[in-house]
Structure formats: structure tokens, C-alpha cells
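Chains, contacts and geometry: an overview
Take a look at the letters that make up each chain.
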2 protein chains.
Amino acid sequence: MAMLANLPRNEDGIATALGILGQRFGPRFETGQALREQHGHTTTWLRNQPPDAVIFAETTEEVQEIVRICATHHVPIIPFGTGTSLEGHVNAPAGGISVDFSRMDKVLAVHQEDMDVVIEPGVTRKALNTHLRDTGLFFPIDPGADASLGGMAATNASGTNAVRYGTMKDNVLALKAVLPSGEVLKTAARARKTSAGYDLTRLVVGSEGTLGLITEMTLRLQGIPEAVSAATCSFPSVEAACNTVIATIQYGLPIARIELLDALTVKAVNAYSKLSLPETPLLLVEFHGSESGVAEQAESFGEIAGEFEGSGFTFTTREEDRNRLWQARHDAYWASLGLRPGAKGISTDVCVPVSRLADCVTAAQEKTQEMGFIAPVVGHVGDGNFHVLLLIDMDDAGEIARAEGFVGWLNDLAISMDGTCTGEHGIGQGKAPYLVRELGEPATGAMAAIKAALDPLNIFNPGKIGLPPP
Amino acid sequence: MAMLANLPRNEDGIATALGILGQRFGPRFETGQALREQHGHTTTWLRNQPPDAVIFAETTEEVQEIVRICATHHVPIIPFGTGTSLEGHVNAPAGGISVDFSRMDKVLAVHQEDMDVVIEPGVTRKALNTHLRDTGLFFPIDPGADASLGGMAATNASGTNAVRYGTMKDNVLALKAVLPSGEVLKTAARARKTSAGYDLTRLVVGSEGTLGLITEMTLRLQGIPEAVSAATCSFPSVEAACNTVIATIQYGLPIARIELLDALTVKAVNAYSKLSLPETPLLLVEFHGSESGVAEQAESFGEIAGEFEGSGFTFTTREEDRNRLWQARHDAYWASLGLRPGAKGISTDVCVPVSRLADCVTAAQEKTQEMGFIAPVVGHVGDGNFHVLLLIDMDDAGEIARAEGFVGWLNDLAISMDGTCTGEHGIGQGKAPYLVRELGEPATGAMAAIKAALDPLNIFNPGKIGLPPP
């Protein structure tokens, strides 16, 4: 992966398109090296492959115009939200134009009775929730970063509360996207349910900019819960924690979040935040509902945890206490970096059936120890999704190569457990080699056929999903 | 629609394929007229267009073999579950082979800890829930008919409890399908979350047999709730009932079902079941949760209903009382037919944003009255989805033509309200003319491009979704 190849560049076409687009977009067309590198940048270890220019688009019509010019000259287009994806999604291996959507950031309509909102793609999730502040509604998907909602849709983001509210796929009701032909695709009406033809909404969500450039979205909203409770509990082993998760879900408790921190992460958090949590696996849980409901649910969780050797169970419904309880989770990333000062964190992402989660996490921990890595684990364990954070000296090529080896090993392990090489980070460039191992050639062949049908010139984010078979 | 045209038939190819398939499948290959007509039949008013033969497939390999033979000779293939779809999905306008999946009815694996099940497509929803009886788990989607789960996936079925548990799209984790090439597509691993490439699962779900023949599915299951409560309440108007629905959802009450019966339906049920409900719009609600939770929720619903002039509020958590309360809903279809003895019911299906539901239902009622129809209305109102049941003398061509006129008018009204011409019945043949009005040519063009990419010979259920633009 560090050896990421460039793809053939259409130099003449790129030069011509740059000339036309530069004239058309004036100061909103930029070619400075730092800006271009930042627009190829993802929070990743992958080599930077900057686009040739960045255009700050302001309207759907402008996006159509850019697409038509690039189509005429066979020039790649890569959509850019906030650049917080992790697998090289916004790299430009064949050069081309990065279309920056940050200025398309208007909330177009809030429908309170229908509990939905129509937005432009550059609105970030925090900006949306600020906008919704007085409506009693909120948008629940939280991948950590304050990503743009267009980028979150394009990569099918999720995060800590997917166990209750689903992923982007479950929360985008409809969208508009500019197709490689320059036409504007409307995927669905605003009704909450539809059986009207192929599900183009969910085809574009998660397509990582390879099929359409999202210019408008209708998102489902949720009512802000009357009450929230939080609980934490320590466990003697990852297995005991995972069995608690399974039992909690089977019992039907409507968990809003259930997060695992492994012993190493707890140790990091203790050091970082001056806490004194037992340095064993920790579960953090959150419930949303009525005042009496969330208290009852947290107590039921405590009882279940007790059956699986859980200890130190604590719960609260008061906001300041909740924040204190969850401090370990909020601090986990920065605290973990403190385990090896100067190192950079490489975050992996796999997801397995919950029954295999303890085996998969435990095997990953053993493997990183055996390979000599410092590698804390956090997991969205209600979904069987977890991340190993490898702390790497990015100046040590040998260490990077060994980290790549570990990532590949973990992907293959997850796939062997009927899991996936990516639960929420997406394919991009980093996971591309594993897709065919996971699903087989009929699936990657079907993806390539769909890509070729909708983007016959292969100008939308080339080199990512939808590659023809080698 | 009654004028449904046949498509050109490939007579030579059909004759050759019939010979080969007859020899290969012996007694499981049938050409009797009654059986063929039944396999083109859907619970519909559309003209019957029977296939040329029916094959009862028993394995994925057999399905692959049928597809390869039909592909060689350019012969249409139409998958058949139980024939309970409503819009001509299993008609054979160009002739061809109906593949009956009723013998592929094995439950392959129940994963209790993961709360999923792997099944063949011919398993019906009731058979699945019988099989799951002792596990504490159930499959929630209930479209009314005891349909095959393969058919329910192919048509993206839903029904009364979609407001809580979603539609088939939300409950199929992964599937295998034979492609027009004869290859077996695996769409996803068994993990609960994935971002691994285009969402082929949700592309096949709802594709109505036009892209792949489903031969295996992994379905999400739910824990059987500890307790269930039911409530009913009468309202002075459809608008008051709909406002109660909106407030209930906004309040965050986790309704499992919320059904509307209009005054005419209530009148029919009173006559049919000797009840004495007020003959005004009625809401029936169900809650799933803990003992104390469902009681609290039903009471909260009663308070909300009271704010919108609801009267006669009754609730219970006892099963026999629940069944009695819900009797009106269970009997609605047969009771409604009693409003005009000898008539046949034509069920329409539209879905609009919930804020427009009262307007849409009221306009539909006024229109049917104005047109002289007896036409009770029931609705899955939490989703904005409702059905008008037109009671029609099927021997009166003029009446059928007027009914078609009404259906078209209602589709267009729903579309004008940013809704859809089908919330759950699907496109088939009956809704085909409305798809482009709802979504526009970029969407139908994209569907046609995807169809042509995966089925270049157009042999999978031709004449349904994925038609090239006229």
C-alpha cells in the first residue's frame, strides 16, 4: 500500500480542462501545491497523490458544468468533503480535479412533522445539529470527526450509535447526485418508505464518489430523547465483555451505544486523564428513552453484566456524570497516542458476526503482541465492529511494512469469520485488494459492470470501487 | 393496464429451451395450462400472461443450469415465490420459464448469538417464525400474506410493523443470487455492518427478479419482546388521527405498529364482526418492550391522542384482549369485501411524507365518493403509507377503466406531494408508467443502464423494472 501506484494520466486532456476550468471559476479554481496535497490527503498512512487542481463549487449547476467539461476531456473528478476518510478515498492516482463541497453548506429545509431535513452535501454533522438545536430533533450518526454529511454518505459512515440508529444507509432517505453524463439523478421521493424501482439511494451511498457527486440529501432525523442514561462496567476478559454485549442485545435492551475499550486503552486513558479505572476491558453503554425507561434499562444492563463477571458497574442519568463516565471513550484516541510519544496511529477497521468478536479481538491482540506493536483496541461492539490502533514510527519503512502485514492478516481473519474487511471506513485504496477475497469475483465483476454502465469514461474517482477485474 | 401488451416472443428459442429443460427436469417441468396461469397470476386485476413452462427448482446449481440454458437460447426467466404480489410481477409478457422456488424451503442455519438466520428463498415468513419458536427470536416483517421470504425480498415487502422494524431492505443482511451469466453472486458477509463496496444486497432487494434470482438469504432477527401492549382510539377526522401519529412519533414513543382504519372500514368491520365501534377514523397501536415500558408507552399514547380529540381510548397488555382490540384490523380486508358482495378488491398503494398524509387520504376519499366508488382506506400511517381498496365489478369494463383512472390520479397526487407511487407493493407492470413521473429520466435511465449491464440479453423478468427509455 505504501507502494501505491499512480494510474496513467491523460496529460493533454488535463491541461486543456485546467485551462477551461481556470478561466470559468477564477479565484475558486486553485492549483497551489499545499492545497492540492491537502485535498489528496486523508487521515491515513497512504502516500499522497494530489489532484491537479481544486475547485470550490457553490451550486449543483456548477458541478454539472465541471462534470461536462471533464467528461469532454476525459479528466478524473474526485469529490472532497472534509478529508477525514481513512483509506485514500480522495487521492488522485490519475490526477484530475478535486471538487470541494465545503461551500455547498446550506440547510435547505427542515420538515419537523416529517422528521427529515434537506441539506447540501457540505453541511457537517455538528453544523446540522447546531442548526436543529431548537427543533427537538437531531441527526444521530457520529463517526467521531466533524465530517461533511456528503462525505459521510459517500463512504457510508457510522460510528458509536449505529447499534441504535443505523448507518448512513439507514438515514439517507433520498439524494440528488450529478452523474458522469452531467445529468442530475434524483434517487427517491421524500416518503419514508418506497418500493419504486432499484434502490439508487443506497447504491450511491457508500459508492465513494465513483458513481455520482452528491449535491443534495434528505436525511431522517430523530427526536432528542427525553432522558439519557450512561453506564460503565469492567470485565476480566474481552470474552466476558463480548458475552455481556450478546446477552444485552438478546434481552432486547435498546442500547444507543455500547463501546469496548481493551485493557491497553484503559491504561492509556488512566495515564492521560488521571483516572484509576481497573486496567481490564471496559464497556461503556448509553440508553435513550423516557426518564424511568433509561434508568430501568441501565439497571437491567448492570444485572446482565454481573452474570458475566462484570465489576465496578456505575450508572447515571445526569449529564455531567455521563460525560465523566464516558471521558475514557472521548479521550481514547489522544490518550492512546500517548502510549508511544511521537508515533502516528494507523486505525484498522474490521467487522465480524458478534459471536466471533471475542475470538477476533483476542487473536488481534495476540498477533500485535507477537509482532511487537503497541496497539490498543476500541470497538463498536454491538455491531461486531472494532479498530486496532497501531502506533507506528512513520520514518521506519520496515515497521510500516510490518504494520501493512498485520492489517492484511486481520482483514483475512475477519473474512474467514464471515466478517468484512471494513465495517465503516470503506474501501478507498487501502482495502481494495481485500474486496474480491471477501465477496468473490461475481460481486466485484457486478460492481465493475455497474461502474462501467454509469461512468463509461471512468472519470469519477478512478482507481477506487468498481475497478475492472485485473 | 387492462390493455397490458405482450412483448415480442422468441418462439424458436423458447421451443428449443422447453425441449432441453423438459428432458432435464422431467416431472418437475410442467406445462399444464392451469399451473402456468397460476404462475402468471398475482393478486391483481392485471390480465394474466402465463409463462410457457414452470420448473420446480431444488438447488442453486439447478437454478444456474436453468439460467445458462435460457441464456443460450435468449429465453425469459421469471422467479415465483407464492404469487401474492399485487402488480403483475410474475406475469410473462414475453413468455418464458417460471422458476418456482417453493421447494427451496430449508432453514440452513440459525445463529442465536448473532440474531440472524440463513435460509433458502422458498421459506415463508410463517414457516420461519414457526421454526424459530423455541429460540426467543422472530422475524418481524409481516406483509399480511404468508409470502415466501425470497419473494418478499425481491419486492421489498414491509407491512404493519415497518414503523418499528423497517422493511425487507433493513432486514436482509446478505444474499446469494444467480446472475444472468449463471454465476452465483454473494452480496455481503454476515457482519451486521459493512462498507465493502457498492451495496449489492440492497440493489437486489426490490429488483423484482430483474437482476438476480435469489437462492439464499441471511436475515436479521429480533428478540421476542418481553411484553406487548395494544391500544385503540377513535378520532373525529382523518386529520386528527394523523396529527396524533405525528405527535406520537415526535414524542419518541417506540411504536411497533400504528394502523389507521377510515370510517368506512370501521363500518364494514362493525357489520362483519358484530362490533359497535364509533364509525369514525380509528387508530390501532402496538408497543413492544418491557412489562412496565409497554404499559407506560400505551398510557403516553392515550394522553397524546386525548390532545387531538381522541375518544374511547382503550389499552391492554393481555394477549386475548390485544387480539380482541386488533380484531378490527385483522378482519378489515374480508369485512371490506362485504361492503359490496360479489365485488373484487383492487388494492392501491401510495406513500407520502407523514405531514401530507391527512391531505392525501382525505383527497382520495373525496375522489372515490365523487367517482361513485365504495373504497375503504387502511394505512400503515407511521410511515405515511396507505391503501385504498376499490370494490369493483370485474365484469364491468367501464368500471375497471374508471378504477384505473383513479389509481393513476392517486399516484400522481402522491408524487405531487413528494411521495411515491408505491410504498411497499412495488413496480411490476401496474406501476411502471409512474416511475419516470416520480423520479425522472436520469433515474429510470440509470436503472436501465444497470439492468443492461447485469442482464445484457434482457432475460430476467423482462418488461418490468429496468426498461430502456421509450
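Residues numbered from 1 in each chain as written. Chains lettered and ligands numbered in written order. Predicted model: local features only at pLDDT ≥ 70, side-chain atom pairs only at ≥ 80, totals over all residues.

**Examining the overall build of chain A**
When helices and strands are tallied, chain A shows 18 helices and 19 strands. Over its C-alpha atoms chain A spans a radius of gyration of 23 Å, differing by no more than 12% from the 23 Å that the globule rule assigns to 470 residues. Here the C-alpha coordinates of chain A stretch approximately 65 × 55 × 40 Å along the principal axes. For chain A, the proportion of contacts with a sequence separation of at least 24, taken over those separated by at least 6, is 71%. (Helix = DSSP H or I, 4+ residues; strand = E, 2+ residues; numbered from the N terminus. Rg over C-alpha atoms; globule rule 2.2 N^0.38 Å. Contact = placed C-beta atoms within 7 Å.)

**Description of the packing of helix 15 (residues 357-370) of chain A against helix 16 (residues 397-416) of chain A**
All names here are of chain A. Their axes nearest at 11 Å, the elements helix 15 and helix 16 cross at an angle of 160 degrees. In terms of orientation, helix 15 lies roughly antiparallel with respect to helix 16. Crossing of helix 15 over helix 16 shows right-handed handedness. Residues Cys360, Ala363, Ala364, Lys367 and Thr368 of helix 15 lie in contact with helix 16, whose contacting residues are Phe406, Trp409, Leu410, Leu413 and Ala414. (Axes fitted to C-alpha atoms, helices over the stretch in contact; angles between N-to-C directions. Parallel < 35°, antiparallel > 145°, perpendicular 65-115°, else oblique. Left-handed = near helix turned anticlockwise from the far one by under 90°.)

**Thoughts on the domain arrangement of chain A**
Residues and elements named next belong to chain A. Domain parsing of chain A yields domain 1 (11-102), domain 2 (107-223), domain 3 (227-333) and domain 4 (340-425). The straight-line distance from the C-alpha centre of domain 2 to that of domain 3 is 29 Å. At the junction of the two partners, domain 2 supplies 4 residues and domain 3 supplies 7 residues. When the residues that make up the side of domain 2 that touches domain 3 are grouped by side-chain class, the tally is 1 nonpolar, 2 polar and 1 charged. (Domains from an automatic or database assignment. Nonpolar A, V, L, I, M, F, W, Y, C, P; charged D, E, K, R; others polar.)

**As for the relation of the copies chain A and chain B**
Relative to chain B, chain A is turned by 180 degrees and slid 0.0 Å along the rotation axis, the superposed coordinates differing by an RMSD of 0.0 Å. This pairing of chains is accounted for by a two-fold axis. Same-surface contact between copies: 100% of interface residues of chain A are shared with the interface of chain B. (Least-squares fit on C-alpha atoms with pLDDT ≥ 70 in both.)

**Looking at the environment of glycine 13 of chain A**
Residue and element names in this part refer to chain A. Considering the arrangement of structural elements, one finds glycine 13 in helix 1 (residues 11-25). Distance from glycine 13 to methionine 115, taken between C-alpha atoms, is 45 Å for residues 102 residues apart in sequence. Setting aside residues up to four positions removed in sequence, glycine 13 forms contacts with His73, His74 and Val75.

**Digging into helix 1 of chain A**
Residue and element names in this part refer to chain A. The terminal C-alpha atoms of helix 1, which comprises 15 residues, lie 21 Å apart, in line with the 21 Å expected from a rise of 1.5 Å per residue. For helix 1, the complete set of buried residues consists of Ile14, Ala17 and Leu21. The arc that holds the buried residues of helix 1, viewed along the axis, is 70 degrees, so those residues lie on one side. Along helix 1, exposed side chains directed more than 90 degrees from the buried face belong to Glu11, Asp12, Ala15, Gly19 and Gln23. Where helix 1 is buried, its residues touch strand 1 (29-30), strand 2 (53-56), helix 3 (60-72) and strand 4 (97-100). Of the residues flanking the end of helix 1, it is glycine 26, one or two places downstream, whose phi is positive at about 50 degrees. (Expected span 1.5 Å × (residues − 1). Buried ≥ 20, exposed ≤ 12 C-beta atoms within 10 Å, placed from the backbone. Arc of directions from axis to C-beta.)

**What to know about helix 16 (residues 397-416) of chain B**
All names here are of chain B. A rise of 1.5 Å per residue sets the reference length of helix 16, with its 20 residues, at 28 Å; its end C-alpha atoms lie 29 Å apart and thus fit the reference within 8%. The complete set of buried residues in helix 16 reads Ala403, Phe406, Val407, Leu410, Asn411, Ala414 and Ile415. Lining the buried residues of helix 16 we find strand 16 (344-347), strand 17 (350-351), helix 15 (357-370), strand 19 (385-392) and helix 17 (432-439).

**Things to note about the nonpolar core**
Ranked by size, the top nonpolar core spans 294 residues in total, and within it Ile66, Val99 and Ala153 of chain A together with Ile66, Val99 and Ala153 of chain B carry the most contacts. Discounting chain neighbours no more than four positions away, the residues touching valine 99 of chain A are Ile55, Ala57, Val63, Ile66, Ile77, Pro79, Phe80 and Leu213 of chain A. (Core = buried A, V, L, I, M, F, W, Y, C linked by C-beta atoms within 7 Å.)

**Quick look at the sheet that holds strand 3 (residues 77-80) of chain A**
Residues and elements named next belong to chain A. Strand order in the open sheet formed by 4 strands is 1-2-4-3, and the pairing between neighbours is mixed. Looking along the sheet, the strands with just one partner apiece sit at the ends: strand 1 and strand 3. Strands strand 1, strand 2 and strand 4 of the sheet are contacted by helix 1, whose axis makes an angle of about 30 degrees with strand 2. (Pairing = 2+ DSSP bridges.)

**Digging into the interface of chain A and chain B**
Taken together, the contact between chain A and chain B spans 78 residues of the former and 78 residues of the latter. Going through the elements one at a time, helix 7 (168-171), strand 9 (184-186), helix 8 (200-204), helix 9 (238-250), helix 11 (291-307), helix 17 (432-439) and helix 18 (441-454) of chain A are the ones with two or more residues in the side of chain A that touches chain B. It is helix 18 of chain A that contributes the most residues to the side of chain A that touches chain B, 9 residues altogether. Class assignment of the residues belonging to the side of chain A that touches chain B gives a composition of 34 nonpolar, 27 polar and 17 charged.

**Considerations on the environment of aspartate 393 of chain A**
Residue and element names in this part refer to chain A. Tracing the backbone through its elements, the reader meets aspartate 393 in the loop between strand 19 (385-392) and helix 16. For aspartate 393, a count of 14 C-beta atoms within 10 Å corresponds to the partly exposed category. The spatial distance from the C-alpha of aspartate 393 to the C-alpha of glycine 345 is 9.0 Å, given a sequence separation of 48 residues. When neighbours within four sequence positions are excluded, aspartate 393 is seen to be in contact with Ala343 and Glu399.

**A short note on the sheet that holds strand 10 (residues 213-220) of chain A**
Residue and element names in this part refer to chain A. Strand order in the open sheet made by the 5 strands is 5-6-10-8-9, with antiparallel pairing throughout. Every interior strand has two partners, whereas the edge strands, strand 5 (107-111) and strand 9, have only one. Taking each pair of neighbouring strands and ignoring which way they run, the sheet shows an average axis angle of 15 degrees. In the sheet, strand 8 (residues 172-178) pairs with strand 9 via 3 bridges, with the strands oriented antiparallel. Residue pairing in the sheet places alanine 177 in a bridge with leucine 185 of strand 9.

**Observations concerning the environment of arginine 356 of chain B**
With respect to the element layout, arginine 356 of chain B can be found in the loop between strand 17 and helix 15. Sequence-distant contacts of arginine 356 of chain B, defined by excluding residues within four places in its chain, comprise Met417 and Gly419 of chain B.

**What to know about the packing of helix 1 of chain A against helix 3 of chain A**
Residues and elements named next belong to chain A. Look at helix 1 against helix 3: their axes get within 9 Å of each other, and the N-to-C directions meet at 155 degrees. In terms of orientation, helix 1 and helix 3 fall into the roughly antiparallel class. Viewed along their axes, helix 1 and helix 3 form a crossing whose handedness is right-handed. In this structure, helix 1 contributes Ala17, Ile20 and Leu21 to the contact, and helix 3 contributes Ile66, Ile69 and Cys70. Grouping the constituent residues of the contact of helix 1 with helix 3 by class yields 6 nonpolar, no polar and no charged.

**Quick look at the pairing of strand 18 (residues 377-380) of chain B**
All names here are of chain B. Where burial is concerned, the two faces of strand 18 agree: the one with Val377 and Gly379 and the one with Val378 and His380 are both buried. In terms of strand pairing, strand 13 (residues 255-261) meets strand 18 through 3 bridges, oriented antiparallel. Its bridge partner lying in strand 18, leucine 261 is registered against valine 378. Across 4 bridges, strand 18 lies against strand 19 in antiparallel orientation.

**Concerning the confidence of the model for chain A**
In the predicted model, chain A carries a mean pLDDT of 95, and 99% of its residues have values of at least 70. Quick note on the complex model: pTM equals 0.97, ipTM equals 0.97. (pLDDT = per-residue confidence, 0-100.)

**Overview of the pairing of strand 3 (residues 77-80) of chain B**
In regular strands, side chains alternate between the two faces of the sheet. Residues and elements named next belong to chain B. Of the two faces of strand 3, the one lined by Ile77 and Pro79 and the one lined by Ile78 and Phe80 are each fully buried. Bridging between strand 3 and strand 4 (residues 97-100) involves 4 bridges; their strand directions are parallel. Bridging from a neighbouring strand, proline 79 pairs with valine 99 of strand 4.

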